[in-house]
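Residue strings, one per chain:
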Amino acid sequence: KVSRSVLLQTIVVAGVVYSLASALYFLAMTYIGTGLATAIFFSFPVFVALFSCIFNRTELNQYTILALVCICLGVALVKGHQTSSVGMNGTLIAIAGAFFYAIYIYRSRHISTLIDPHFLTLLVCSGTMIVFFFYAYANNQLAMPKNSTDWFCVAAIGILATALPIQFLLESLKYITPIKVSILASLRVVVTMLIGWAVLNEQISMLQFFGVATILFATLMAQKVN
């Protein structure tokens, strides 16, 4: 039982803000490369903290500031050395993506107190699907998977990489603040590095290893974040 105003607000946050953040993140990759786009995008905890300061009058303690600095530093180190040029357009697009993703997390905290996270996950996924369906249709980019491998990739991306992370993130917002959630969400960078090392035989440099350690230190500091 959800009021129309809450449902409309949820559709906007789910269908527009989350979709826009995702689209800008992937678009930034085409300009400045995956590593740099990821490093800039995962600065979104800084925006979440700013929103909390401005709208909730939250005073950031020293542990919060230290954790945010470590997140930005750690992700910057993890991205490694890349030959892609640092273009202003790609940088601004990545920053915009981080900004809108921070809005998604910050607003979801309030919405998650009104709507069950399971139903909220359904709204987020459905809203995102509708936005990208019409975008792909308008640009003649719709295509059906051709074989079982394609369907497996679709299911893996849709369920393991999208629906379940959304579900867990929204569920966590019932118990901890958006700032803590955003800091802990940076662990996905560490998990990505470990999967690349374990499954794809990717090499991890000492600089990247130090970046991983820095992110882990930031998540430990999250226990004392206000």
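The notes below deal with the structure included here. (Residues numbered from 1 in each chain as written. Predicted model: local features only at pLDDT ≥ 70, side-chain atom pairs only at ≥ 80, totals over all residues. Heavy atoms only, no water.)

Comments concerning unusual backbone geometry
What counts, and what does not: Numbered from the N terminus, helices here are DSSP runs of H or I no shorter than four residues, and strands are runs of E no shorter than two. When accessible area is computed with a 1.4 Å probe and restricted to protein chains, residues below 20% of their type maximum are described as buried, those above 50% as exposed, and intermediate ones as partly exposed.
One non-glycine residue, Arg 57, lies in the positive phi region at around 55°. By the secondary structure assignment, Arg 57 is in the loop between helix 3 (44–55) and helix 4 (62–78). Given the relative accessible area of 68%, Arg 57 is considered exposed. In the Ramachandran plot, Asn 140 falls in the positive-phi region, its phi being about 55° despite a non-glycine side chain. Mapping Asn 140 onto the fold places it in the loop between helix 6 (117–138) and helix 7 (148–172). Here Asn 140 falls in the exposed class, since its relative accessible area comes to 72%.

A word on a nonpolar patch on the surface
Threshold: Patch rule: a residue counts if its relative accessible area is over 30% and it has no salt bridge; like charges are joined within 9 Å, and nonpolar side chains (Val, Leu, Ile, Met, Phe, Trp, Tyr) within 5 Å. With residues, only the protein chains shown are counted as cover, and all accessible areas are computed by Shrake-Rupley using a 1.4 Å probe. Here, a salt bridge means any side-chain nitrogen of Lys or Arg that lies within 4 Å of a carboxyl oxygen of Asp or Glu.
There is a patch of nonpolar side chains on the surface, built from Met 129, Ile 130, Phe 133, Phe 134, Tyr 137 and Leu 142 and spanning about 670 Å² of accessible area. Inspection of the secondary structure puts Phe 134 in helix 6. For Phe 134, a relative accessible area of 54% corresponds to the exposed category.

Quick look at the nonpolar core
The nonpolar side chains of a soluble globular protein tend to be buried, and buried together. Which entries qualify depends on this criterion: We call a set of buried residues a nonpolar core when its members are Ala, Val, Leu, Ile, Met, Phe, Trp, Tyr or Cys and they connect through side-chain atoms within 4.5 Å of each other. Residue contacts follow a heavy-atom distance rule, with two residues in contact if any of their heavy atoms lie within 4.5 Å.
The biggest cluster of nonpolar side chains holds 49 residues, and the ones touching the most others in it are Phe 44, Tyr 101, Tyr 104, Ile 105, Leu 169, Leu 170 and Ile 183. Look past the residues within four positions of Phe 44 in its chain and what remains in contact with it is Ala 98, Tyr 101, Ala 102, Ile 105, Ser 182 and Ala 185. Among the nonpolar cores identified, the runner-up in size contains 8 residues, and Ile 32, Leu 36, Ala 37 and Ile 93 belong to it.

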